[in-house]
Amino acid sequence: MIQNHPMLVNPEVLAGKLDLYREVFLILDYDGTLVPIAPRPELARPDESLLADLKLLCGLPGYKVAILSGRVLGELKEFLPVPGLYLSSVHGVLIEDPAGNLTALASAGIETVINRLYTIAAECIGDKQGYIIENKLTDLTIHFRLADPGAEEVLKSFIEKSKGICEEFGLELLEGKKVLEVRPKGLHKGKFIDWVREKAPLAYITFIGDDTTDEDAFACLEEGLGVLVSKDHRPSKASLRINSPVEVQEFLRLLITKKLNH
Ligand SMILES: [Mg+2]
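Residues numbered from 1 in each chain as written. Predicted model: local features only at pLDDT ≥ 70, side-chain atom pairs only at ≥ 80, totals over all residues.

1. Concerning the environment of P149
Under the convention used in this document: Put simply, DSSP marks the helices as runs of H or I at least four residues long and the strands as runs of E at least two long, and each gets a number from the N terminus on. Burial in this document is a count-based property: other C-beta atoms within 10 Å of a residue's C-beta are tallied, and the residue is buried at 20 or more, exposed at 12 or fewer, or partly exposed in between, with C-beta positions derived from the backbone.
One can find P149 in the loop between β8 (140-143) and α5 (151-169). Taking the C-beta count within 10 Å as the criterion, P149 has 6 such neighbours and is therefore assigned exposed. Through-space distance from the C-alpha of P149 to that of A200 is 46 Å; in sequence the pair is 51 residues apart.

Put into structure tokens, the structure is as follows:
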């Protein structure tokens, strides 16, 4: 798919676009999309009004709502206690539907490899401050938002030392907003889009996301709609752009109002 610069729209225009469809499967990234990015991942919590809006959205006729995030399932469940919500964790690797049914898209055995990479990351960081290493069993994430200017060196040595293992086990390294992730190749957010298309073939699939890992999902949308959250005009596989998480929340409220007034 060609990378273009998605056209900027306001929340009203975006809500109007979705209002044309009888059945919508709305998929939302979490960090940087629904809530602003926080200095530490545990601080990016939703406020009460966002939770209330998500509850209302899940109850709208013709609507299904999913969160598609790099976070682990336990965290998504704790942050978003919303009945009716689909949760897709670690970039779509483990999915929980509203009835509590689990679907795992990752192959078994990857955990041992991720554990080895965790040890390497811990060695490279040593006693340097400001890093968080997250072992998500099928994915390793190094957060370095709070690290000192030496972060580049640390990451370089981690990449150097883990290169062999990544090649051997078919893992790839991906750099996002102040995070470095290692994950199995071909296991990405786009897989969840495929899963949704199978579950709800008639629904208009809309995905909103802000980061590098969201591009795989944009690329898999076909007739659906991809919306990039970004203040800046930049290349993406999404077709539209919205400014900020604040505008995403405004868009959700407008969707609710439109539907309830019908
Ligand atoms: Mg994000």
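2. Notes on the domain arrangement of the protein
Interface size is often expressed as the accessible area that is lost when the parts come together. To keep it simple, the criterion reads: Per the annotation, domain bounds derive from an automatic or database assignment of domains. Any residue pair is listed as a contact if its two C-beta atoms, each placed from the backbone, are within 7 Å. Three residue categories are used. Nonpolar comprises Ala, Val, Leu, Ile, Met, Phe, Trp, Tyr, Cys and Pro, charged comprises Asp, Glu, Lys and Arg, and polar comprises the others, including Gly.
Splitting the protein by domain gives domain 1 (7-105 + 188-260) and domain 2 (110-184). A separation of 27 Å is found between the C-alpha centroids of domain 1 and domain 2. Contacts between the two partners involve twelve residues from domain 1 and, on the opposite side, twelve residues from domain 2. Taken together, the residues that form the side of domain 1 that touches domain 2 break down as six nonpolar, five polar and one charged.

3. Observations regarding the sheet that holds strand β9 (residues 171-175)
What links the strands of a sheet is backbone hydrogen bonding, and the strands pair in either a parallel or an antiparallel sense. Selection rule: At least two bridges found by DSSP between two strands is the condition for calling them paired. Lines are fitted to the C-alpha atoms to define the axes, a helix being fitted only along its stretch in contact, and any angle between axes, read from their N-to-C directions, falls within 0 to 180 degrees.
Taken together, four strands build an open sheet; the order of strands is β7-β8-β10-β9 and the sheet is antiparallel. Across the chains shown, the open sheet's two edge strands, defined by having one partner strand only, are β7 (132-135) and β9. Pairs of neighbouring strands in the sheet enclose a mean axial angle of 15 degrees, with direction left out of account. Here five bridges tie β9 to strand β10 (residues 179-184), and the two strands are oriented antiparallel to one another. Bridging across to β10, L173 finds its partner in V182. Strands in contact with helix α4 (residues 110-125) are β7, β8 and β10; relative to β7, the strand with the most contacts, it is inclined by about 170 degrees. Seen against the sheet, α5 touches β9 and β10 and runs at an angle of roughly 150 degrees to β9.

4. Points about the sheet that holds strand β12 (residues 225-229)
Spatial strand order, β1-β13-β12-β11-β2-β3-β4-β5-β6: nine strands in an open sheet with mixed pairing. Looking along the sheet, the strands with just one partner apiece sit at the ends: β1 (7-8) and β6 (102-104). Where strand β5 (residues 94-96) meets β6, three bridges bridge the pair, whose relative direction is antiparallel. By the bridge assignment, E96 is partnered in β6 with L102. Helix α1 (residues 11-18) rests against β2 (24-28), β11 (204-209), β12 and β13 (240-242) of the sheet, and its axis sits at about 135 degrees to β13. Most of the contacts of helix α6 (residues 189-199) go to β11, to which it runs at about 160 degrees, and overall it touches β2, β3 (63-68), β4 (85-89), β5 and β11.

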